[in-house]
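The residues making up each chain are set out below.
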Amino acid sequence: MTIETCYSPIQYPLFHNSNAIVVVIDVLRATSAIVTALANGAAGMIPVAGVETAKEWQNKGFLAAAERNGIKLDGFDFGNSPLSYLVSDIKDKSIVISTTNGTQAIEAAKEAKQVVIASFLNAQAVANYLIQQQQDVIFLCSGWKNKFNLEDSLLAGYISELISQNGFTSNCDSTIAAKILYNQTGGNLFDFLAQSSHRNRLSHLNLEEDIQFCLKHNVYNVVPVLNTEGYLTL
Ligand code: 3SL
């Protein structure tokens, strides 16, 4: 089985492989929020690209989350903070979610054989799942508005390391680079990301606590998978 890493949704057509499981990554913060919500009892997360689509679901009675440029949009129940999903009101509810990058990446990958959601919070669980599935893997990093970002690449490197002793091979330079990057962090991702664009963007919005939370490793033993109805469920 092969591992490839795509650093931007805009490059995804270059990586398309009908036999691959696509692992969508948006560490700050969409996939961390999705994992947290499902781990804390949400029945499903419904990723949509457009805010209008999220509004339509909300008008039908669903809880709805919308974020653009790091900010929760007015009129929605949630934004994109994983910490906001640590509440009991979400239990057994399905929540529609639209974000700047993460849900756009899920949309780009939705025709894949299988779409799985990863964050540092559930990285080991995703690695175990991939080892069990024995299929080619594409890590799809959401980046920022189709540009490369560091934190998503670090997670692709971390999970690649976790699975690479299990029959997976890679001659994909972006996967090799992601592993090298992760190994450079010395385990202190918060400091490693000190100059990164998105850590700074979120810090300016006073979201340091969110960043710290999203960088915690292996808090949840869950693997969200996109079903044929467009719901992410466990
Ligand atoms: O782009 C996204 O999907 C978001 O995760 C961005 S933010 O962290 O909410 O700014």
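Draft legend 1. Local environment of the packing of aromatic side chains. Per the stated rule, a full pass over the model turns up 7 aromatic pairs. Judged by centre distance (4.7 Å) and plane angle (20 degrees), the rings of Phe-78 and Tyr-85 are stacked. By relative accessible area, Phe-78 is classed as buried at 10%. Since its relative accessible area comes to 0%, Tyr-85 is described here as buried. Lying across the ring of Trp-57, Lys-60 places its NZ or CZ 4.6 Å from the centre. Here the basic side chain of Arg-201 rests over the ring of Trp-144, its NZ or CZ set 3.8 Å away from the ring centre.

Draft legend 2. A look at the pairing of strand S6 (residues 94-98). Judged by how many residues are buried, S6 sits mostly within the fold: 5 of 5 residues are covered. Side chains Ser-94, Val-96 and Ser-98 project from S6 onto one buried face, and the interleaved Ile-95 and Ile-97 project onto a second face that is buried too. By the bridge criterion, 4 bridges tie strand S3 (residues 44-47) to S6 in an arrangement that is parallel. Each residue of the ladder has a partner; that of Gly-44, found in S6, is Ser-94. Pairing of strand S4 (residues 63-68) with S6, which is carried by 4 bridges, proceeds in the parallel orientation. The partner of Ala-65 across the bridge, within S6, is Ile-97.

Calculation criteria
Residues numbered from 1 in each chain as written. Predicted model: local features only at pLDDT ≥ 70, side-chain atom pairs only at ≥ 80, totals over all residues. Heavy atoms only, no water. Phe/Tyr/Trp six-rings, centres within 6.5 Å; stacked < 30°, edge-to-face > 60°. Buried < 20%, exposed > 50% of the residue type's maximum accessible area, 1.4 Å probe, protein only. Lys NZ or Arg CZ within 6 Å of the ring centre and 35° of its normal. Helix = DSSP H or I, 4+ residues; strand = E, 2+ residues; numbered from the N terminus. Pairing = 2+ DSSP bridges.

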